[in-house]
Amino acid sequence: GGRGLRAALWKWKDDPKWSTRIASYVGSGFGFLLMALGIVNIFRGGIIGGMWWILIGLFVRNASLMSYRKVLMTRALKGEPVRRFMKENVETVSANTSVQDLVEEYIYRHHFKMYPVLRGGKLTGCVTTRDVKELPREEWDATPVAEVMSSCSDENTIGPDADATEGLTRMNKTGNSRLMVVEGDQLAGIIALKDLLEFLSLKLELEPDAGAAPGTLPAAGGPGVPSQE
């Protein structure tokens with residue numbers, strides 16, 4: 001229903017942001033209505049039915065707000081290249097480093113959950129805390145990073161001239177909060193979800209045309225946004 005309303009408003013005004021905002025407000029209001037009906041039902045003795053109404057209302061409200069948030073994020077980042085947000089000074093790990101040293105010298109020291117892996121100065125993949133967790137603790141000291149790392153793929157890399165919205169989409173799809181920025185087989189930098197969200201926060205605060213209604217800017221880990229690593 002919300003999508004149908006958004007499509008009709010979009011066709012009428014030819015403004016995707018406005019139509020999404022109005023549809024979001026209507027959906028949010030409908031969600032509050034369902035929650036109110038659930039509370040009334042509880043007071044009338046229908047506890048289980050009332051709780052279901054409240055849960056459905058919460059779901060509808062969150063879904064409607066998430067739709068608007070995604071539009072705001074896409075508009076704010078559209079046209080911005082990845083290289084604008086990437087960090088060039090990156091902590092990297094040698095492929096021959098043991099998993100034990102990775103944990104002690106990198107993860108516990110720098111507090112990142114993903115590290116690019118180099119072999120002979122060339123990027124060969126990345127290693128994450130998820131990769132480490134899959135290896136038994138007693139094997140950490142004897143196992144090199146090369147044996148547990150993930151190869152470079154579209155899930156963990158992006159080009160420096162790609163649109164930042166593409167980076168955010170990949171993070172959302174994979175649950176990763178850091179992507180390696182690559183040029184050929186060379187590491188150019190790292191783009192992190194934290195940096196994108198900081199830019200979004202500033203842009204939505206300073207530019208009224210891109211501004212969000214109170215409470216609509218998503219935090220990392222919220223609906224449709226991966227947790228920061």
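Preceding this paragraph is the structure being described.
Within every chain, residues take consecutive numbers counted from 1 along the sequence as written. The model is predicted, so local features are restricted to residues of pLDDT at least 70 and side-chain atom pairs to those at 80 or more, both for listing and for counting; the totals for chains, interfaces and linings are taken over all residues. Side-chain measures here rest on the full set of heavy atoms in the structure, leaving out hydrogens and waters.

Asker: Help me get a handle on the pattern of salt bridges, residues and values and all.
Answerer: Two side chains of opposite charge can pair, provided their charged atoms sit close to one another. Here, a salt bridge means any side-chain nitrogen of Lys or Arg that lies within 4 Å of a carboxyl oxygen of Asp or Glu. Inspection of the entire model under this criterion finds 5 salt bridges. Between Glu 166 and Arg 170 there is a salt bridge, and its shortest N-O distance comes to 2.9 Å. Taken together, the residues Glu 166 and Arg 170, both in helix H6 (residues 164-174) and 4 residues apart, mark about one turn of the helix. Remark: exposure states derive from per-residue accessible area (1.4 Å probe, protein chains only) relative to the maximum for the residue type, with buried under 20%, exposed over 50%, and partly exposed in between. Assessed through its relative accessible area of 19%, Arg 170 is described here as buried. By definition, any uninterrupted DSSP run of H or I lasting at least four residues is a helix, any uninterrupted run of E lasting at least two residues is a strand, and each is numbered from the N terminus.

Asker: I'd like a description of the sheet that holds strand E7 (residues 186-192), backed by residues and values.
Answerer: The sheet built from 3 strands is open, its strands ordered E5-E6-E7 with mixed pairing. Bordering the open sheet on either side are strand E5 (157-158) and E7, each of which pairs with just one other strand. If DSSP finds at least two bridges between two strands, the strands pair. The pairing of E5 with strand E6 (residues 178-183) spans 2 bridges and is parallel. Looking at the pairing, Ile 158 lines up with Val 181 of E6.

Asker: Residues and numbers for H6, please.
Answerer: Buried within H6 are the following residues: Ala 164, Thr 165, Gly 167, Leu 168, Arg 170 and Met 171. One or two steps after H6, the chain reaches Gly 175, where phi turns positive at roughly 85°.

Asker: Can you lay out the state of the cysteines for me, pointing to particular residues and giving the numbers?
Answerer: What counts as a disulfide here is a pair of cysteine sulfur atoms lying within 2.5 Å. In this structure the tally under the stated criterion is 0 disulfides. Here Cys 126 stays unpaired: no disulfide links it, and the sulfur of Cys 152, its closest cysteine neighbor, is 6.9 Å away. Given the relative accessible area of 35%, Cys 152 is considered partly exposed.

Asker: Can you explain the nonpolar core? Please cite residues and give values.
Answerer: By nonpolar core we mean a set of buried residues, namely Ala, Val, Leu, Ile, Met, Phe, Trp, Tyr and Cys, connected to one another through side-chain atoms within 4.5 Å. The biggest cluster of nonpolar side chains holds 19 residues, and the ones touching the most others in it are Leu 77, Phe 85, Val 181, Ile 191 and Leu 196. If you list the elements that add at least two residues to this core, you get helix H3 (47-77), H6, E6, E7 and helix H7 (193-206). Ranked by residues supplied to this core, first place goes to H7 with 5 residues. In this description, contact between two residues means that some pair of their heavy atoms is separated by no more than 4.5 Å. Ignoring anything within four residues of it in the chain, the contact list for Phe 85 reads Leu 77, Glu 80, Ala 164, Ile 190, Ile 191, Asp 195, Leu 196 and Phe 199. In terms of nonpolar packing, the next biggest core, distinct from the first, is built from 15 residues, Val 127, Val 132, Leu 135 and Val 145 among them.

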